[in-house]
Amino acid sequence: MALPPQQSSSAASGHAEPELDAEVLVVGAGPVGLWLAAELCAAGVRVLVIEAREERVSWSRGFVVHPRTLEILDSRGAVAPLLASGKRLPSWHYAMGTRRLDFTQLSSAFPYIVIQPQALTEELLEAHLARCGGEVLRGRRAIGLKQGPDHAAVSVRLDDGTETELTARFVVGCDGARSSVRQAAGIGFHGNPDTMLSPSALVELADPPPLDQLIQTHEQGVFFAIALPDGRFVVSTIDHAEMGDIERQWTGEMVRDSLRRITGTDFGMKNAERVATLGNSAKQAERYRDGRVLLAGDAAHVHFPMGGQGMNLGIQDAHNLAWRLTAVTRARRADPAASDALLDGYEAERRPAGERVLEDVRAQMALVAAGGADGAALRGRFEALLGEHSEVNLQYARRLAGLEVRYPVADGDDPRLGARVPDLHLDLPEADGGPQQLYRLLSAIGPGRAVRLVLGTPDAAAPPASTVPETPDQPATITASGVLDPPWAARDGWGQAAETVLVRPDGHVAWIGPIGAGSGIESPQITLG
């Protein structure tokens, strides 16, 4: 990757800065590392991305993109390719049940999930990173780490076996559940170990079940299949008769036997490839930050892929961390002694979000693994609850979709505080009394850029509709007469009063107050942490 020259000193402080390979070194080029790097590159942060694999993997274990992730991609103009390549589903399962969670009632521009192999999602995110000016350096495995007072150094083994060292202001481990960055930093990884295994295999099915029966729950266990674009299927089972044998070495024939035991048929299964197992361990890093080292995605938390929440949780980690790293990096350029305390808010916000997902997955696994007639009765009662009480169904749908995340904000009980702001379509009259304009709020929020939204001003001679200051760490100002769309915005409390709203670069609301207040809000480092 071509890097711009490092500024060796600060005009403000006159203190010499060490020569560094990057301001941020991202280890791991899965979806989480790719999104983090793209956000940083787009905000002008010098980034290096290294990946141990020489080629992008073609095999996928993850297939689900949830509504909040679609909102995040949309906020950066990156959602269209994914929508074009994936398959939209208006509902999704909870604990592999037949009673689906209804996503069509969600307050989101994306009231559905998108199904597509994670390998394709990675390809699209890497293309987005390239458009932001970054690239992935492959065949570079992180094997060691040491921290200094003003930078961190990562030992890297290259394809040819030689070793080198890369230095950066901060290092972010996005390198999966066996994270070498986490281990080198001495960060513990704790939780429950595997007590059950679920096999999966890439297969052909000569007589596949109908699309609405690709998830089946029986007294003997659960059958789950995902149809791939090439006509093959990824099939998986949770087999009550065999799941407790965590030493079992599954084969394609064993997967076929499991299908028959659970469903009574093997659906004409043949040509099994990539037989693997997934365990139900759920673990979380004991801390998400250690000095100049931070963790995101599976390096920070891992769980059974129930509901497809893992990648989505990790991308939200990256989205939260990116603006914090951006703000701290900008401040350090001006003053090498500037505080990096803003990074402490990353763990304070994202660790509870990870804990909630791990708890949710454990609950789903308990429902799925409950055996016999008692287990069947328990699942039946839960499915009746989802079917008979729409508000319960919606609550679980919001949680699974990633829309329930609300970060703590002091001095306020407005439910919008700390929550993500929807993509409001704003009424921006021309300053000279011209025709009404429709303006998407998301078009103003960008990498490293907060937005001050002045909403509902009664003054016809309002200030300019959009003011983006030259200094990138100052919020843009958007002045709008009201909210035109989406139709559910008023239900969620938007557009009902004249107010000023401060929105962080990750789309979460940091502050709400009356018009005219908050004019002194300047630096995201001061206000948005």
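Up top is the structure these notes are about.
Computed from a predicted model, the values in this text were never measured in an experiment.

## Considering the overall build of the chain
Step number 1: When helices and strands are tallied, the chain shows 11 helices and 29 strands.
Step number 2: Look at the contacts in the chain between residues 6 or more apart in sequence, and 70% of them connect residues 24 or more apart.
Step number 3: For the chain, the exposed area adds up to about 21700 Å²; of that, 50% sits on carbon and sulfur atoms.

## Brief notes about the pairing of strand β11 (residues 163–173)
Strand residues, when the strand is regular, have side chains that alternate between the two faces of the sheet.
Step number 1: Among the 11 residues in β11, 8 count as buried, and that is most of the element.
Step number 2: By the bridge criterion, 5 bridges tie strand β1 (residues 22–27) to β11 in an arrangement that is parallel. Bridge pairing links Val 24 to Phe 170 in β11.
Step number 3: Between the antiparallel neighbours strand β10 (residues 152–158) and β11 lie 4 residues, among them Gly 161 with a positive phi of about 90°.
Step number 4: Sheet analysis places β11 next to strand β20 (residues 293–295), joined by 3 bridges and oriented parallel. Among the inter-strand pairings, Val 172 is bridged to a residue of β20, identified as Leu 294.

## Considerations on the nonpolar core
Most often, soluble globular proteins keep nonpolar side chains buried together rather than apart.
Step number 1: By size, the foremost hydrophobic cluster in this structure holds 70 residues, and its most contacted members are Leu 25, Leu 36, Leu 70, Val 172 and Leu 325.
Step number 2: The element best represented in this core is helix α7 (residues 310–334), accounting for 9 residues.
Step number 3: Aside from chain neighbours lying at most four places away, what touches Leu 70 is Val 65, Val 79, Leu 82, Leu 83, Phe 110, Tyr 112 and Val 114.
Step number 4: Tyr 94, Ala 95, Leu 228 and Met 365 belong to the second largest nonpolar core, which has 39 residues in total.

## Looking at the side chain of Asp 360
Step number 1: With respect to the helices, strands and loops of the structure, Asp 360 is situated in helix α8 (residues 344–369).
Step number 2: A distance of 2.8 Å separates the side chain of Asp 360 from the side chain of Gln 364, its partner in a polar contact.
Step number 3: Setting aside chain neighbours within four positions, we find Asp 360 in contact with Tyr 94, Gln 309, Arg 399 and Leu 400.

## A few points about empty space enclosed by the protein
Empty space among the atoms becomes visible once a probe the size of a water molecule is rolled across them.
Step number 1: Taken as a whole, this structure holds 4 cavities of 30 Å³ or more when the rule is applied.
Step number 2: Estimated volume of the largest cavity: approximately 130 Å³.
Step number 3: If you go around the largest cavity, you meet 20 residues; those closest to its centre are Arg 68, Glu 71, Ser 75, Val 421 and Leu 442.
Step number 4: For the lining of the largest cavity, the leading source of residues is helix α2 (residues 67–75), giving 5 residues.

## Points about unusual backbone geometry
Step number 1: The omega torsion across Asp 485 and Pro 486 is 0°, close enough to zero to call that bond cis.
Step number 2: Mapped onto the elements, Pro 486 comes out in the loop between β27 (482–485) and β28 (499–503).
Step number 3: Here Ala 95, not a glycine, exhibits a phi torsion of approximately 55°, which is positive.
Step number 4: Looking at where Ala 95 falls in the secondary structure, it is placed in the loop between β5 (91–92) and β6 (101–102).
Step number 5: In the Ramachandran plot, Met 96 falls in the positive-phi region, its phi being about 60° despite a non-glycine side chain.
Step number 6: Looking at Met 96, the relative accessible area reads 7%, which means it is buried.

## Thoughts on the packing of α7 against α8
Step number 1: Orientation of α7 relative to α8, taken along the N-to-C sense of each, is 170°, at an axis distance of 10 Å. As far as their axial angle goes, α8 and α7 are roughly antiparallel. For the pair α7 and α8, the contacting residues are Leu 313, Gln 316, Asp 317, Asn 320, Leu 321 and Arg 324 in the first and Gly 345, Tyr 346, Glu 349, Arg 350, Ala 353, Gly 354 and Val 357 in the second.

## So, the sheet that holds strand β18 (residues 282–285)
Step number 1: In spatial order, the strands read β12-β18-β21; together these 3 strands make up an open sheet with antiparallel pairing. Each end of this open sheet is capped by a strand with a single partner; those strands are β12 (189–192) and β21 (301–302).

## Here we look at the pairing of strand β24 (residues 451–455)
Step number 1: Judged by how many residues are buried, β24 sits mostly within the fold: 5 of 5 residues are covered.
Step number 2: Side chains of β24 alternate between two faces, with Val 451, Leu 453 and Leu 455 and Arg 452 and Val 454 buried alike.
Step number 3: Taken together, the 5 bridges between β24 and strand β26 (residues 476–480) define a ladder with parallel strand orientation. Bridging from a neighbouring strand, Leu 453 pairs with Ile 478 of β26.
Step number 4: Pairing of β24 with β28, which is carried by 5 bridges, proceeds in the antiparallel orientation. Across the sheet, the residue bridging to Val 454 is Thr 500, located in β28.

## Describing helix α9 (residues 372–388)
Step number 1: Taking 1.5 Å as the rise per residue, α9 with 17 residues should run 24 Å; its terminal C-alpha atoms sit 24 Å apart, in good agreement.
Step number 2: Of the surrounding secondary structure, the elements contacted by the buried residues of α9 are β6, β14 (215–218), α8 and α10 (390–401).

## Observations concerning the sheet that holds strand β23 (residues 438–440)
Step number 1: Strand order in the open sheet formed by 3 strands is β23-β22-β27, and the pairing between neighbours is antiparallel. Of all the strands in the sheet, the pair left with one neighbour each is β23 and β27. Taking the axes of each pair of neighbouring strands and ignoring which way they run, one obtains an average angle of 45° across the sheet.
Step number 2: Examined bridge by bridge, strand β22 (residues 425–427) and β27 share 3 bridges and lie antiparallel to one another. In the sheet register, Asp 427 faces β27, and the bridge partner there is Gly 482.

How each quantity is defined
Residues numbered from 1 in each chain as written. Predicted model: local features only at pLDDT ≥ 70, side-chain atom pairs only at ≥ 80, totals over all residues. Heavy atoms only, no water. Helix = DSSP H or I, 4+ residues; strand = E, 2+ residues; numbered from the N terminus. Contact = heavy atoms within 4.5 Å. Areas by Shrake-Rupley, 256 points an atom, 1.4 Å probe, with all protein chains shown as cover. Buried < 20%, exposed > 50% of the residue type's maximum accessible area, 1.4 Å probe, protein only. Pairing = 2+ DSSP bridges. Core = buried A, V, L, I, M, F, W, Y, C linked by side-chain atoms within 4.5 Å. Polar contact = N/O pair within 3.5 Å; in protein donor to acceptor, adjacent residues only side chain to side chain. 1 Å grid on protein atoms, 1.4 Å probe; cavity = no way out; pocket = protein on both sides within 12 Å on 5 of 7 lines; lining within 4 Å. Points joined across faces, edges and corners; volume = space filled by probe spheres on them. Axes fitted to C-alpha atoms, helices over the stretch in contact; angles between N-to-C directions. Parallel < 35°, antiparallel > 145°, perpendicular 65-115°, else oblique. Expected span 1.5 Å × (residues − 1).

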